[in-house]
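# Structural characterization, general
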Amino acid sequence: MFVVLEGPDASGKSTQLKLLDEALRQKRIAPLITREPGGTELGAELRELLLSPSRKMRPLTELLLMVADRHEHVEEVIRPSLDAGRWVICSRYVLSSVAYQGIARGLGAQIAMQLNDAATGGLAADYTFLLDLPPELAYERTGQRDRFEGEGLDFYAKVRSAYLELLGSRPGAYVIDATLPPEEVCRSILARLPVP
Ligand code: TYD
């Protein structure tokens, strides 16, 4: 199973990765936990470039770097793990690029989808969970520490509506209320996964 968590900064993705890891291990499933950007050695360097607050870059450059990170991640980490029969739980995947670079940065969803198709060879998540937060709350909770967190409330609002639109009727995609306590968020994710 390939499970992806999406959502704005400060929506609790890292906490959920940890809780899901623990819960699945109790059910004798040892998932591979990973994240984007930065899930490979090259990806860690790309992540630094992408997040550095002092680094200026054009939106298309940002998209190309995100997609480069994803290609390395899919080929080196995600696909080999899935092929070996392992569950993969990943913080952020294709929808992040479509929501942030395609829609919020205004490049267009179509070019973001096309480049992502090339980068992933069409590998799609089996389950996607959007940890949904009102933009005001996400904005308030983040520390303005990196290039993305430093964006204004308006950017957070665009990302949120993009996510909700993209999730729409996508099979295997669920919106989860991220204002609930972490244990409850984890329970509602688990309830939708094919675990005993
Ligand atoms: P992440 O480490 O997930 O930040 P957080 O844990 O705070 O949510 O991601 C860092 C930033 O990268 C985040 O603000 C969103 C951005 N991002 C994109 O814009 N496009 C992408 O394709 C990905 C994977 C991340």
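Residues numbered from 1 in each chain as written. Predicted model: local features only at pLDDT ≥ 70, side-chain atom pairs only at ≥ 80, totals over all residues. Heavy atoms only, no water.

### Things to note about the site of the ligand
In the vicinity of the ligand, 15 residues are found, and the nearest of them are Lys13, Arg47, Arg92, Ser97 and Gln101. One nitrogen or oxygen atom from the side chain of Asp9 is found 2.8 Å from an oxygen atom belonging to the ligand. Coverage of the ligand by the protein amounts to 92% of the 550 Å² it exposes when considered alone. Applying the majority rule of atoms within 2 Å of the grid points places the ligand in the largest pocket. (Near = heavy atom within 4 Å. Polar contact = N/O pair within 3.5 Å; in protein donor to acceptor, adjacent residues only side chain to side chain. Areas by Shrake-Rupley, 256 points an atom, 1.4 Å probe, with all protein chains shown as cover. 1 Å grid on protein atoms, 1.4 Å probe; cavity = no way out; pocket = protein on both sides within 12 Å on 5 of 7 lines; lining within 4 Å. Sits in = over half its atoms within 2 Å of the grid points.)

### Considerations on the nonpolar core
Counting residues in hydrophobic clusters, the biggest one holds 32 residues, and the most contacted among them are Phe2, Ile78, Tyr93, Tyr100 and Tyr163. Counting only elements with at least two residues in this core, the list comes to strand S1 (2-6), helix H2 (41-51), helix H3 (59-83), strand S3 (88-91), helix H4 (94-104), helix H5 (109-120) and helix H7 (153-167). Each residue touching Ile78, except ones within four places of it in the same chain, is listed here: Phe2, Glu36, His73, Val88, Tyr93 and Leu123. Counting residues in hydrophobic clusters, the runner-up holds 24 residues, among them Leu19, Ala23, Leu24 and Tyr156. (Core = buried A, V, L, I, M, F, W, Y, C linked by side-chain atoms within 4.5 Å. Buried < 20%, exposed > 50% of the residue type's maximum accessible area, 1.4 Å probe, protein only. Helix = DSSP H or I, 4+ residues; strand = E, 2+ residues; numbered from the N terminus. Contact = heavy atoms within 4.5 Å.)

### Brief notes about the packing of H3 against H5
For the pair H3 and H5, the least separation of the axes is 8 Å and the interaxial angle reads 30 degrees. Classified by the angle between their axes, H3 and H5 sit roughly parallel to one another. Considering how the two elements wind past one another, H3 and H5 form a crossing that is right-handed. Residues Leu60, Leu63, Leu64, Val67, Arg70, His71, Val74 and Arg79 of H3 form the contact with H5, whose own contacting residues are Ile111, Ala112, Leu115, Asn116, Ala118, Ala119 and Thr120. Split into classes, the residues belonging to the contact of H3 with H5 amount to 10 nonpolar, three polar and two charged. (Axes fitted to C-alpha atoms, helices over the stretch in contact; angles between N-to-C directions. Parallel < 35°, antiparallel > 145°, perpendicular 65-115°, else oblique. Left-handed = near helix turned anticlockwise from the far one by under 90°. Nonpolar A, V, L, I, M, F, W, Y, C, P; charged D, E, K, R; others polar.)

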